[in-house]
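As a plain string of letters, each chain reads:
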Amino acid sequence: MGKKQFAALPFRLDNSELRVLLITTRRKRRWSVPKGSPMRNKEPYLTAALEAYEEAGLIGVIATRAMGSFKHRKRKGDRKRTMDVAVFPMKVHGQERWWPEKGEREAIWVSAERAAHLVHKAELRRLIARFAARTEKSTSALLRGRRASDPGTRVPRNHSS
């Protein structure tokens, strides 16, 4: 079993259309989501939220339960490691003017369909597509004030990260 990492899937609704934020990886400049390694004394979802802040300046509400995971190969010098990346949906409320890795990556807001097309990892592509399908179904319920029925994709309201 490989090492673990935690990622945020940053999203927002623009006129009921799901939009996803992607960032580029530092080395290969491929489109992905903010992710990082476990941090001592920090829950996985909080690690994912902190990575979203450090890598893209994002502020929002993050789910406490992962919606799934994907495999990612990371290279450190001559060594390659397979990472198991747990993904937590994050409803974005805003973006800071400054953040730790500002200028090191590109970031774009795109439709979920476009995001799934742009990411390099097939498993991440499927996670984004599945999240989009579930979110589309629950959007009308959320707009009526109900919570989504799937806790894997529900983002708690009035909870700051």
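Positions within a chain are numbered from 1, following the residues in the order the chain's sequence is written. Per-residue local features of the predicted model are confined to residues with pLDDT of at least 70, and side-chain atom pairs are confined, for both listing and counting, to 80 or more; whole-chain, interface and lining totals are unaffected and use all residues. Note: side-chain values were computed over all heavy atoms of the structure, leaving out hydrogens and water.

This part takes up the overall build of the protein. Comment: elements are numbered from the N terminus, with helices defined as DSSP H or I runs of at least four residues and strands as E runs of at least two. Counting secondary structure elements, the protein contains three helices and eight strands. Secondary structure elements in the protein, listed N-terminal to C-terminal, are β-β-β-β-α-β-β-β-β-α-α. Within the span of the protein, comprising 161 residues, buried residues form 42% of the whole. All accessibility values rest on the Shrake-Rupley procedure with a 1.4 Å probe; residue burial counts only the protein chains present in the view. With an accessible surface of roughly 9500 Å², the protein has 45% of that area assigned to carbon and sulfur atoms. Only protein chains enter the accessibility calculation, which uses a 1.4 Å probe; a residue whose area is less than 20% of its type maximum is buried, one above 50% is exposed, and one in between is partly exposed.

Turning to its location among the elements, Ser-32 is positioned in strand S3 (residues 31–32). Residue contacts are counted whenever heavy atoms from the two residues lie within 4.5 Å of one another. With sequence-adjacent residues up to four places away left out, Ser-32 is seen in contact with Leu-22, Ile-23, Thr-25, Val-119 and Leu-124.

Before going further, it helps to examine the pairing of strand S7 (residues 79–95). In short, DSSP must find at least two bridges between two strands for them to pair. Bridging between strand S1 (residues 3–14) and S7 involves nine bridges; their strand directions are parallel. Looking across to S7, one finds that Phe-6 is bridged to Ala-86. Pairing of strand S5 (residues 58–62) with S7, which is carried by five bridges, proceeds in the antiparallel orientation. Bridge pairing in S7 links Val-61 to Lys-91. When strand S6 (residues 68–76) meets S7, the two strands line up antiparallel, connected through nine bridges. When the sheet's bridge partners are listed, Gly-68 is paired in S7 with Val-87. Adjacent in sequence and paired antiparallel, S6 and S7 are bridged by two residues, among which Gly-77 carries a positive phi angle near 65 degrees.

Attention now moves to the packing of aromatic side chains. Put simply, two rings from Phe, Tyr or Trp (the six-membered ring, in Trp's case) pair if the centres are within 6.5 Å, and we call them stacked under 30 degrees between planes, edge-to-face over 60, tilted for the rest. Under the definition given, this model contains two aromatic pairs. Consider the rings of Phe-11 and Phe-131, whose centres lie 5.1 Å apart with planes at 65 degrees: the pair is edge-to-face. In this pair, Phe-11 sits in strand S1 while Phe-131 sits in helix H3 (residues 122–143), placing the two residues 120 residues apart along the sequence. Judged by its relative accessible area of 6%, Phe-11 falls in the buried class. Here, a charge over a ring is recorded when the distance from Lys NZ or Arg CZ to the ring centre is within 6 Å and its angle to the ring normal is within 35 degrees. Above the ring of Trp-109, the side-chain terminus of Arg-12 is found at 4.1 Å from the ring centroid.

Each salt bridge in this description consists of a side-chain nitrogen of Lys or Arg and a carboxyl oxygen of Asp or Glu lying within 4 Å of one another. A complete count under the given rule lists nine salt bridges for this structure. In this structure, Glu-101 and Arg-26 form a salt bridge, with 3.0 Å as the shortest nitrogen-oxygen distance. With a gap of 75 residues between them, Glu-101 in the loop between S7 and strand S8 (107–111) and Arg-26 in the loop between strand S2 (17–24) and S3 connect regions that are remote in the sequence. A residue is classified by how much of its surface remains accessible, and Glu-101, at 10% relative accessible area, is buried. We note a salt bridge from Arg-105 to Glu-101, for which the minimum N-O separation is 2.8 Å.

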